[in-house]
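# Fold and contact review
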Amino acid sequence: MSNSVEGRSIIVTGSGRGIGRSIAEGLAAAGARVVIADIDAATAEATAAEIRSSGAQAIGFAANVTDRASTRALIARAVAEYGRLDAMFNNAGIAQVKPFNDITEDDWHRVMDVNAMGVLIGTQEASKQFIAQGGGGKIINTASIAGKQGYEPLAHYSASKFAVVALTQAAARAFGKHRINVNAICPGVVATDMWKLIDKGFKDEGLTQRDNEAFEGFSADILLGRASRPDDLVGVSIFLASEGSDYMTGQSLLVDGGMVLI
Ligand SMILES: NC(=O)c1ccc[n+]([C@@H]2O[C@H](COP(=O)([O-])OP(=O)(O)OC[C@H]3O[C@@H](n4cnc5c(N)ncnc54)[C@H](O)[C@@H]3O)[C@@H](O)[C@H]2O)c1
């Protein structure tokens, strides 16, 4: 039983930057053939080009995870390029900081559409492809510590990440008979553009006074003594996309340096 992803055809959504980019780079460096999918076509192409320049295999593709036709086209592109699909990382997500009583219906729908419905569509379309190939396959969703605990000024974001955990469990039950593993990764506080936006959101809402205050505050009690870097998520991603995790499904793994202990 190995943890190799050598030659595996893998899509990572939201991989033009941040955690998704790091996961895709790590998978490619380990020998996977990756598709860099992002709503931002320029970052998708730039990331893919950089991976190719290191000698690994990557293509960029502009895709919106909230759009089923776009997700279908993404999977078709991966299959056209690499002959099959072995793993789908539903990683794209957005965040918004707002006090609980200020969250509007529009805020709710926007965050839920990308973070939860995007995972639903990605899981449905990837599983159809896996079943058409004869079964087997890996679905790895990016949830969050906010999928394990509700955070007050991120209530709709937290709800969307609890939804990701629920979808992970439900899909594991739906597709176990096809030998499709469905698991999720729950990162903690990761230094990406998303956290810059969250930190600014805390300040704009008057919840903190200075730049980085929220980031530092959330990171202060991490047992391993520092905030996360995107590449902290690479090891678990390789494992969940490899044969080594073949007997594991429906799990949402906290990879947060020790923030939420449950
Ligand atoms: N940064 C953190 O601390 C943290 C913690 C826990 C979970 N997460 C989750 O990890 C994932 C990645 O977060 P990140 O910090 O790298 O964020 P990021 O904002 O740096 O990157 C997200 C990427 O997703 C893309 N994207 C957004 N909407 C999209 C859509 N509709 N279709 C396709 N692509 C889309 C963006 O263009 C961007 O490239 C998200 O699901 C996020 O909720 C992040």
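For the structure, see preceding data.
Residues numbered from 1 in each chain as written. Predicted model: local features only at pLDDT ≥ 70, side-chain atom pairs only at ≥ 80, totals over all residues. Heavy atoms only, no water.

Of note, Arg-179 is a non-glycine position whose phi angle comes to about 60°, a positive value. Assignment of secondary structure puts Arg-179 in the loop between helix H5 (155-175) and strand S6 (180-187). At Asn-212, a residue that is not glycine, the phi angle is positive and equals roughly 75°. The topology assignment puts Asn-212 in the loop between helix H6 (193-204) and helix H7 (213-219). On the basis of relative accessibility, which here comes to 40%, the residue Asn-212 falls in the partly exposed class. (Helix = DSSP H or I, 4+ residues; strand = E, 2+ residues; numbered from the N terminus. Buried < 20%, exposed > 50% of the residue type's maximum accessible area, 1.4 Å probe, protein only.)

Okay, a nonpolar patch on the surface next. A contiguous nonpolar patch, built from Leu-223, Leu-224 and Leu-261 and spanning about 390 Å² of accessible area, is present on the exposed surface. Turning to its location among the elements, Leu-223 is positioned in the loop between H7 and helix H8 (234-240). (Patch = residues over 30% accessible without salt bridge, like charges linked within 9 Å, V, L, I, M, F, W, Y side chains within 5 Å. Areas by Shrake-Rupley, 256 points an atom, 1.4 Å probe, with all protein chains shown as cover. Salt bridge = Lys/Arg side-chain N within 4 Å of Asp/Glu carboxyl O.)

Position of Asp-86 among the secondary structure elements: in the loop between helix H3 (68-82) and strand S4 (87-90). C-alpha of Asp-86 to C-alpha of Lys-138: the two residues are 52 residues apart in sequence and 6.3 Å apart in space. Residues in contact with Asp-86, not counting those within four places in the same chain, are Gly-7, Arg-8, Ser-9, Phe-130, Gly-137 and Lys-138. (Contact = heavy atoms within 4.5 Å.)

Owing to its 3.6 residues per turn, the α-helix aligns residues three or four sequence positions apart on the same side. Taking 1.5 Å of rise per residue, the twelve residues of helix H1 (residues 18-29) would be expected to cover 16 Å, and the 17 Å separating its terminal C-alpha atoms lies within 8% of that figure. Within H1, burial applies to Ile-19, Gly-20, Ser-22, Ile-23, Ala-24, Gly-26, Leu-27 and Ala-28. Looking one or two residues beyond H1, the residue adopting positive phi is Gly-31, at roughly 105°. (Expected span 1.5 Å × (residues − 1).)

Further remarks concern the layout of surface pockets. Here the largest pocket defines a volume of roughly 860 Å³. What lines the largest pocket is a set of 39 residues, among which Asn-91, Ala-92, Gly-93, Ile-94 and Met-194 lie closest to the centre. Of all elements in the fold, only H1, H5 and H6 reach the threshold of two or more residues within the lining of the largest pocket. With five residues, the top contributor of residues to the lining of the largest pocket is H6. Per-class residue counts for the lining of the largest pocket are 22 nonpolar, twelve polar and five charged. (1 Å grid on protein atoms, 1.4 Å probe; cavity = no way out; pocket = protein on both sides within 12 Å on 5 of 7 lines; lining within 4 Å. Points joined across faces, edges and corners; volume = space filled by probe spheres on them. Nonpolar A, V, L, I, M, F, W, Y, C, P; charged D, E, K, R; others polar.)

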